[in-house]
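Take a look at the letters that make up each chain.
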Amino acid sequence: MKLRSLCVAFSAVIALSCSDDTENHSLNGSWYLTNTTATDGSTLSYTKGDVTWTFNENASTITVKNRVIALVPNSNPVDIASGDYSYSLKRQDNLTYLYIDNKAVGALANTADNLVITNDSTTMIFRK
């Protein structure tokens, strides 16, 4: 089960990374968390508005609105409380990593409508 989850997460990142439509898309605007998949295979689905990340590329800030933080402790992104944060992107080993307030969140791949963030424990899928 764990291996299957890792394969699914890895496949999502690879698929987005290989597409001609990835990487150079703007993060600007609001992204709504649709689901998370943990390495143990557990999947959680979210409704629009449960967790919203709004990026402002000009100011390098992200506004998090999180209505479910108490439901799933200790998992990115739902342990990021509502508020305003700084963010940065760092490129390493052909991957782009998202940092919020200088803390690594995970490797990201984005298209015009999808944002996938993968770290050691969770894959998060956002939609515009």
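Structure shown above.
On a predicted model such as this, the values are computed, not experimentally measured, just so you know. (Residues numbered from 1 in each chain as written. Predicted model: local features only at pLDDT ≥ 70, side-chain atom pairs only at ≥ 80, totals over all residues. Heavy atoms only, no water.)

**Quick word on the nonpolar core**
Inference 1: Within the largest apolar cluster, 21 residues are counted, with the highest numbers of intra-cluster contacts made by Trp53, Phe55, Leu98, Ile100 and Ile117.
Inference 2: Put simply, the parts of the chain that give this core at least two residues each are β1 (29-38), β3 (51-56), β4 (61-66), β5 (83-92), β6 (95-100), β7 (103-110), β8 (114-118) and β9 (122-127).
Inference 3: No other element matches β3, which puts three residues into this core.
Inference 4: Sequence-distant contacts of Ile100, defined by excluding residues within four places in its chain, comprise Trp53, Ile62, Ile80, Tyr85, Ser86, Tyr87 and Val105. (Core = buried A, V, L, I, M, F, W, Y, C linked by side-chain atoms within 4.5 Å. Buried < 20%, exposed > 50% of the residue type's maximum accessible area, 1.4 Å probe, protein only. Helix = DSSP H or I, 4+ residues; strand = E, 2+ residues; numbered from the N terminus. Contact = heavy atoms within 4.5 Å.)

**Some thoughts on the pattern of salt bridges**
Inference 1: Considering all chains together, one arrives at one salt bridge under this definition.
Inference 2: Arg67 is the salt-bridge partner of Asp50, the closest N and O atoms lying 3.2 Å from each other. Taken together, the residues Asp50 in the loop between β2 (43-45) and β3 and Arg67 in the loop between β4 and β5 connect sequence positions 17 residues apart. (Salt bridge = Lys/Arg side-chain N within 4 Å of Asp/Glu carboxyl O.)

**Let's talk about the environment of Ile100**
Inference 1: Considering the arrangement of structural elements, one finds Ile100 in strand β6.
Inference 2: Along the chain, Ile100 and Tyr85 lie 15 residues apart, while their C-alpha atoms are 6.5 Å from each other.

**With respect to the packing of aromatic side chains**
Inference 1: Counted by the stated rule, this structure contains three aromatic pairs.
Inference 2: Judged by centre distance (6.4 Å) and plane angle (70°), the ring pair of Trp53 and Phe55 falls under edge-to-face. Phe55 matches Trp53 in its accessibility class, with the two residues each being buried.
Inference 3: Above the face of the Tyr32 ring, Lys48 is positioned so that its terminal group lies 4.7 Å from the ring centre. (Phe/Tyr/Trp six-rings, centres within 6.5 Å; stacked < 30°, edge-to-face > 60°. Lys NZ or Arg CZ within 6 Å of the ring centre and 35° of its normal.)

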